[in-house]
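In case you want the letters, here they are:
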Amino acid sequence: METEDDVPLHLKSLAAFLIRLHSDQLRSITLSPGPKLHYPLYIDFADLMNEDPPLAHLVFSHPIDYLRFLDDAALWAHKIVFDKLKFEKAVEKIFIHVRINISGSPLECPETFPSIGHVRVKHHGILLTLKGTVIRSGATKMYEGERTYMCRKCNHMFPVYPELETRNSIVLPPSCPSQRSKHCEGTNFQYVENTIICHDYQEIKIQESTQVLGVGVIPRSTLVILKDDLVDIVKAGDDVIVTGILTAKWSPDLRDVRCDLDPVLIANHVRRTNELKSDIDLPDDVILQFKQFWSEFKDTPLKGRNAILRGICPQVFGLFTVKLAVALTLIGGVQQVDASGTKVRGESHLLLVGDPGTGKSQFLKFAAKLSNRSVITTGLGSTSAGLTVTAVKDGGEWMLEAGALVLADGGLCCIDEFDSMREHDRATIHEAMEQQTISVAKAGLVTTLSTKTVVFGATNPKGHYDPDQPLSVNTTLSGPLLSRFDIVLVLLDTKNPEWDAVVSSHILAEGEPGKEKDEHLAHIWPLAMLRRYIHFVKGYFRPVLTKEAEKVISSYYQLQRRSATQNAARTTVRMLESLIRLAQAHARLMFRNEVTRLDAITAILCIESSMTTSAIVDSVGNALHSNFTENPDKEYAKQERLILEKLKSFEEFPDIISME
């Protein structure tokens, strides 16, 4: 390393800035044991602007040079700290890279933080930030980042950096770059042995989120190059914010194909935002509105619950059971982890099986709007990756391409025409739905990807639905796959004249403006409020089962096990887990932190609605014809009494009626 006299003045000032604001990081790096590892030094662009505005502008407008200056300054600052700590087992480092975080700085404006689809030539060469989802992740490689040459005339040694844009070609300067008082005009240079410095290198591809795109807009993607300590910190399906330098890279030479310049972002800072996938603002006054709402319905809680459910897909008349199932699925339960580390998922899955025209696609689209992160696709999938993941060959290299379930990690995946899945998706979706991972072993790529997502599927029955046949026969879906769904609702168009009259009157009245209709719409929760409410109860409440709820769920499960015939595929341990998840979700929906008997009974009613032949409750009926009642609390009391009377005959639960 240089002596103090050899260090340029601007590097000394930069090193002083780093020591002044980031001495703790420098101390931690200096005391780390690995001398040849690459260490990041994180600084905030907002702090740099406060300390030295001209330097901050130069870093923004000329990042290629000044990011390199910052790295050199970090090494010099490290040497100063090392000299102070050399008696504390300090280790001198070779590689330190300054990583600039633009969060909270003026660089978050649209001009320097555009969407991927709006990147243009004007963004070339500046410090640019892009946000997207990783859809491909390449293998880690090595590339030559620096080598030293010596002028044969004056013996001046200088570094040369291979150009990444021209596929790592080396361009020597036209004359000796010596800065001595007497200028050397030498043009003959010699490579200095053993001065090549190699770096880790990885290419990923990020795509802009479909959540921020309008209808008909194709999501764009761009290549991102990760180097050194940034390698392998993200994987397919991750949401990232990348800050770096936009440049262009020559596409590979192919015969009879024009050689183009492909835009590429050389990353300086990468931030994973998986835990920040929600962009929903929750001010205190909105939370206060939720609390006031439930205080108004303290005596009639189910009436308050139904007021919320009316806001789900309000354009579809009735279908109370479906709207309740959608709400419970989106809210979900609490993930359970035992002492051995085994996890039981908290996310619920919902499948709608019904005749054409029963509103399945309407619910899919509305549920996607309610979720903070969602992907809508069909069973065939929109890319070669389909629903899970596949291996694709890009430029002679095999890479993983994430499918819909991986891209929806942490959110909702809506799958229409669920029965038309590709063969390789059918084999892997079982693990994706239950273990919430996808194990990949393709083209030599062996890894595991996260699919912690809610699956909301819709499909038509195979021909005319036969109630006497199992669900697997009517849908061409296997029993094990159907058992992954917590709720499976069958919407049968049974041509009920009374129901047809009510529905037709409702649809015809939609075109006639009237006072009663306006008052009705005024009491429906708007979409934005519903999104906020679902987001809040999911993050705030972690319901725990009461003894009453445990008894009800346990007895119902055991009774179902005894009478398991047609629904044998559903009456497994997964059914018990589904009951717990649905009860927890209903407690969250009711703005509570404990699962009561009401939540357990409601979960049982949802499970009963999933069965074409109900084993206990005979009054559930067709989910397609379920409607909102005028007095839901009174109606629930009847259903509860019916279920408790059925369970009373179970010898292990003789005192259930006394709990009323």
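Here the structure is shown first, and the text comes after it.
Residues numbered from 1 in each chain as written. Predicted model: local features only at pLDDT ≥ 70, side-chain atom pairs only at ≥ 80, totals over all residues. Heavy atoms only, no water.

Novice: Give me the lowdown on the overall build of the protein chain, citing residues and values where you can.
Specialist: A count of helical and extended segments in the protein chain gives 20 helices and 23 strands. The buried share among the 660 residues of the protein chain stands at 50%. Counting contacts in the protein chain only where the partners sit at least 6 residues apart, residues at least 24 apart contribute 72% of the total. Accessible surface, the protein chain: about 32,100 Å² in total, of which carbon and sulfur atoms supply 53%. (Helix = DSSP H or I, 4+ residues; strand = E, 2+ residues; numbered from the N terminus. Buried < 20%, exposed > 50% of the residue type's maximum accessible area, 1.4 Å probe, protein only. Contact = heavy atoms within 4.5 Å. Areas by Shrake-Rupley, 256 points an atom, 1.4 Å probe, with all protein chains shown as cover.)

Novice: I'd like a rundown of the side chain of H22, residues and numbers included.
Specialist: Note on placement: H22 falls in the loop between α1 (9-21) and α2 (23-31). Setting aside anything within four residues of it in sequence, one finds H22 in contact with L41, Y42 and I43.

Novice: Explain the packing of helix α4 (residues 53-61) against helix α5 (residues 63-85) to me, using residue names and the numbers behind them.
Specialist: Helix-helix packing is characterised by the crossing angle of the two axes and by the distance between the axes. Relative orientation of the contacting elements α4 and α5 amounts to 120°, with a least axis distance of 6 Å. Taken together, the axes of α4 and α5 are oblique relative to one another. Residue-level inspection shows L55, L58, V59, F60 and S61 of α4 in contact with α5, the latter providing P63, Y66, L67 and L70. Taken together, the residues that form the contact of α4 with α5 break down as eight nonpolar, one polar and no charged. (Axes fitted to C-alpha atoms, helices over the stretch in contact; angles between N-to-C directions. Parallel < 35°, antiparallel > 145°, perpendicular 65-115°, else oblique. Nonpolar A, V, L, I, M, F, W, Y, C, P; charged D, E, K, R; others polar.)

Novice: Quick one: what's the story with the sheet that holds strand β17 (residues 412-416), residue by residue and with numbers?
Specialist: One open sheet holds the five strands; their spatial order is β14-β17-β20-β13-β21, and the pairing between them is parallel. Two strands lie at the open edges of the sheet, namely β14 (374-378) and β21 (487-491), each paired on one side alone. Across the sheet, the mean angle from the axis of one strand to that of its neighbour is 15°, orientation sign disregarded. Two elements, β17 and strand β20 (residues 454-459), share four bridges in a ladder whose sense is parallel. Bridging across to β20, I415 finds its partner in G457. (Pairing = 2+ DSSP bridges.)

Novice: Break down unusual backbone geometry for me, with residues and values.
Specialist: Positive phi outside glycine occurs at D228, with the angle close to 55°. Tracing the chain through its elements places D228 in the loop between β8 (221-227) and β9 (239-250). Of note in this structure, E417 is not a glycine but carries a positive phi near 50°. Along the chain, E417 turns up in the loop between β17 and α11 (423-434).

Novice: A description of the packing of helix α8 (residues 320-331) against helix α18 (residues 573-589) should follow, citing residues and the corresponding values.
Specialist: Packing of α8 against α18 brings their axes to within 9 Å, and their N-to-C directions diverge by 95°. With respect to their mutual orientation, α8 and α18 come out roughly perpendicular. Facing L324, A327, L328 and I331 of α8, the residues of α18 in contact are L582, A585, H586, R588 and L589. Among the residues making up the contact of α8 with α18, the classes are represented as seven nonpolar, one polar and one charged.

Novice: Break down the nonpolar core for me, with residues and values.
Specialist: Counting residues in hydrophobic clusters, the biggest one holds 75 residues, and the most contacted among them are I312, V326, F363, F456, Y533 and L589. A total of nine residues in this core trace back to one element, the largest contributor, which is α8. Setting aside chain neighbours within four positions, we find Y533 in contact with F290, W294, I308, W525, R588, L589, M590 and F591. (Core = buried A, V, L, I, M, F, W, Y, C linked by side-chain atoms within 4.5 Å.)

Novice: Break down helix α20 (residues 632-648) for me, with residues and values.
Specialist: Because the α-helix completes a turn every 3.6 residues, residues three or four places apart line up on one side. Under the 1.5 Å per step criterion, the end-to-end length of α20 is 24 Å for 17 residues, consistent within 8% with the ideal 24 Å. Along α20, the positions that sit buried rather than exposed are P632, D633, Y636, E640, I643, L644 and L647. Taken end-on, α20 shows its buried residues confined to a sector of 100°, consistent with a single buried face. Tucked inside the fold, the buried residues of α20 contact α7 (301-309), α17 (547-562) and α19 (597-609). (Expected span 1.5 Å × (residues − 1). Arc of directions from axis to C-beta.)

Novice: Outline the environment of D52, supporting the account with residue identities and numerical values.
Specialist: As for its position among the elements, D52 is in the loop between α3 (45-51) and α4. Sequence spacing of D52 and F17 is 35 residues, and the spatial spacing of their C-alpha atoms is 9.0 Å.

Novice: Would you mind going over α19 in detail, with residue names and values included?
Specialist: Compared with the 18 Å implied by 1.5 Å per residue over 13 residues, the 18 Å span of α19 between its first and last C-alpha is a close match. Burial of α19 is extensive: 13 of the 13 residues sit out of reach of the surface.

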